[in-house]
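An overview of the molecular structure
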Amino acid sequence: AAGIPVKERVKVSQNWRHGRCRRETVLKWKCKQVAPFSSTFLMPWMELDGEYLYLSQAENIQAYQLCPGGTGLQRHPQAIFSGHQEDVCRFVLVNSHIVSGGGDGNIVLHKIHGSYSVKFSAHEQEVNCVDFQGGLVVSGSRDRTAKVWSLSTGRVGQCLHTVQTEDRVWSIAISPLLSSFVTGTACCGHTSPLRIWDLESGQLLTCLGTDFHRGAGVLDVFYETPSLLLSCGYDTYIRYWDIRTSTRKCVQEWEEPHDSALYCIRSDKNHMIASGSSYYGVVRLWDKRQTRCLQSFHLSSPTSSPVYCLRFSTTHLYAALASALHVLDFTA
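Residues numbered from 1 in each chain as written. Predicted model: local features only at pLDDT ≥ 70, side-chain atom pairs only at ≥ 80, totals over all residues. Heavy atoms only, no water.

**Notes on the overall build of the chain**
Stated precisely, the cut-off is as follows: Numbered from the N terminus, helices here are DSSP runs of H or I no shorter than four residues, and strands are runs of E no shorter than two. Each accessible area is a Shrake-Rupley estimate made with a 1.4 Å probe; only the visible protein chains count as cover when residues are assessed.
For the chain, the helix and strand inventory stands at 1 helix and 28 strands. Once the C-alpha set of the chain is aligned to its principal axes, its extents read approximately 50 × 45 × 40 Å. In the form shown here, the chain has an accessible surface area of approximately 14,900 Å², with 49% of it arising from carbon and sulfur atoms.

**As for the sheet that holds strand β27 (residues 316-320)**
Paired through backbone hydrogen bonds, the strands of a sheet run either parallel or antiparallel to each other. The condition is simple: In this analysis, strands are considered paired if DSSP registers two or more bridges between them. Whenever a helix is involved, its axis is fitted only over the stretch in contact; in every case the axis is a line through C-alpha atoms, and angles between N-to-C directions fall within 0 to 180 degrees.
Ordered in space as β1-β28-β27-β26, the 4 strands form an open sheet in which the pairing is antiparallel. Only two strands of the sheet have a single neighbouring strand rather than two, namely β1 (22-28) and β26 (309-312). Between one strand axis and the next, the sheet turns by 20° as a mean value, whatever way the strands run. In the sheet, β27 pairs with strand β28 (residues 324-329) via 5 bridges, with the strands oriented antiparallel. In the sheet register, Ala320 faces β28, and the bridge partner there is Leu325.

**Remarks on the side chain of Ser180**
Counted only if it meets this: Contacts: residue pairs with any heavy atoms within 4.5 Å of one another.
By the element assignment, Ser180 lies in strand β15 (residues 180-185). Discounting residues that sit within four places of it in the chain, Ser180 has contacts with Ile174, Ser175, Ile196, Trp197, Asp198, Leu199, Leu205 and Tyr223.

**What about the environment of His271?**
This is how the line gets drawn: Here the term buried applies to any residue with accessible area under 20% of the maximum for its type, exposed to any over 50%, and partly exposed to those in between, with areas from a 1.4 Å probe on protein chains only.
The topology assignment puts His271 in the loop between β22 (262-267) and β23 (272-277). Residue classification places His271 among the partly exposed positions, given a relative accessible area of 32%. Discounting residues that sit within four places of it in the chain, His271 has contacts with Trp286, Asp287, Lys288 and Arg289.

**Quick word on the packing of aromatic side chains**
Put simply, the rule reads: Stacked, edge-to-face and tilted labels apply to pairs of Phe, Tyr and Trp rings (six-membered ring for Trp) whose centres lie within 6.5 Å, assigned for plane angles under 30 degrees, over 60, and everything in between, in that order.
Enumeration according to the criterion identifies 8 aromatic pairs in this entry. With centroids separated by 6.4 Å and ring planes inclined at 45°, the aromatic side chains of Tyr240 and Trp254 adopt a geometry described as tilted. Linking Tyr240 in strand β20 (residues 237-242) with Trp254 in strand β21 (residues 252-255), this pair joins segments that are 14 residues apart in sequence. Just as Tyr240 is buried, Trp254 falls in that class too.

**Overview of the UniProt feature "repeat: WD" (unreviewed entry) in the chain**
To keep things clear, this is the line we draw: UniProt positions are given in the numbering used here, feature names are shortened, and annotations may be inferred rather than shown by experiment.
Within this structure's numbering, the places UniProt gives as "repeat: WD" (unreviewed entry) are residues 120-155. Counted over residues 120-155, helix gives 0% and strand 58%. Its end C-alpha atoms are 12 Å apart.

**Let's talk about unusual backbone geometry**
A positive phi angle, near 55°, is found at Ala58, a position not held by glycine. As for its position among the elements, Ala58 is in the loop between β3 (52-57) and β4 (60-65). The backbone of Cys187 sits at a positive phi, close to 60°, despite the residue not being glycine. With respect to the helices and strands, the residue Cys187 is situated in the loop between β15 and β16 (194-198). You can call Cys187 buried: its relative accessible area is 2%.

**Some details on helix α1 (residues 6-18)**
How we decide: One less than the number of residues in a helix, times 1.5 Å, gives the span that helix is expected to have. By construction, the arc corresponds to the directions joining the helix axis to the C-beta atoms.
With 13 residues, α1 extends 18 Å from end C-alpha to end C-alpha; this agrees with the ideal 18 Å at 1.5 Å per step. Those residues of α1 lying buried are Val12, Asn15 and Trp16. Seen from one end, α1 has its buried residues packed into an arc of 100°, which puts them on one side. Projecting away from the buried face of α1 at angles above 90 degrees are the exposed residues Val6 and Lys7. Turning to α1, the residues buried within the fold contact β23, β24 (282-287), β25 (295-298), β26 and β27. After α1 finishes, the residue Gly19 shows a positive phi value of roughly 70°.

**Some words on the pattern of salt bridges**
The criterion, for reference: We define a salt bridge as a side-chain nitrogen of Lys or Arg found within 4 Å of a carboxyl oxygen belonging to Asp or Glu.
For the coordinates displayed, the defined rule picks out 11 salt bridges. Two residues, Arg239 and Glu253, come together in a salt bridge whose shortest N-O distance is 3.5 Å. Of this pair, Arg239 sits in strand β20 while Glu253 sits in strand β21, placing them 14 residues apart in sequence. Note on Arg239: relative accessible area 13%, which makes it buried. Glu253 sits in the partly exposed class, given a relative accessible area of 42%. Salt bridges here are not isolated pairs; linked through shared partners, they connect Arg17, Asp287 and Arg289.

**A look at the nonpolar core**
For clarity, the threshold we go by: Definition of nonpolar core: a set of buried residues of the types Ala, Val, Leu, Ile, Met, Phe, Trp, Tyr and Cys, connected through side-chain atoms within 4.5 Å.
Among the nonpolar cores identified, the biggest contains 25 residues, and Met46, Leu53, Tyr54, Leu55, Leu73, Ile98 and Leu325 are the most heavily contacted of them. Contributions of two or more residues to this core are made by β1, β3, β4, β6 (88-94), β27 and β28. Sequence-distant contacts of Leu325, defined by excluding residues within four places in its chain, comprise Glu24, Thr25, Val26, Leu27, Trp29, Met46, Leu53, Leu73, Tyr318, Ala319 and Ala320. Core analysis: the next-biggest nonpolar cluster, separate from the first, contains 17 residues, Trp16, Cys264, Leu285 and Ala319 among them.

Below, the structure is given as structure tokens:
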């Protein structure tokens, strides 16, 4: 919010709170006509980085320049990062590096400013999720394992640990302290979908929560601080965990009012949370100080699409659906 006049900041803040925004569909692409949740269904992912938005479309990641003043984005990509033989499942953008996991079981590392890229075979089945911090990559797969990889010079692509999760891994995140990582799994073969593992040894440190229903898989996780963690998934709840106070019970939870699975989650690390639902492109805004949803936006109608990924800045929210990228502009 630096550089934005105080009066403008107050207006934008009120617009978020009251749901006042201009909506625009900024990109469209062809949607593969296959069943949802199959490995060939196009599930875009994205990251925001200053002046650019990075979006995965099929086997490529494309970089789009945001227009000055945040009024949408340029329609043609400035750069395309390729290397996968099948769709990119997830990717992260850290320190001008892109690390992606794909349906081909490979992990690909790109340096954004330059031609350097590395690809290595990581899993027997698709790599559903990746994270990258401090020269280490963690990956989770349909093959029921999570792995820790080195990206340090001379050891690139070396597997340091393989963790048997007994379940397909849907989401993964490295703690900001770089001492542990969390996996969100399908909750079919193992009763705890949220587990924290030691990054150095690969040993299980703790399970979060108890009494999860079978199939209550965790589709997205987000660390706010080393001890504060958000999770969401198939059981329609957003959960807020404080590892310092309890690993058995979350400190807060919010239920999706229309009983939809929650595909993705983000917070501003303050009071606001945004979540993306599995039906009709529903994006909801939540205030941690309230129990009910603050605002909701329906971005896909009449055809129903999940919100596969969302990201926001102080003034804009971007949501990637099955066949389009939508932006909500709160400066309006």
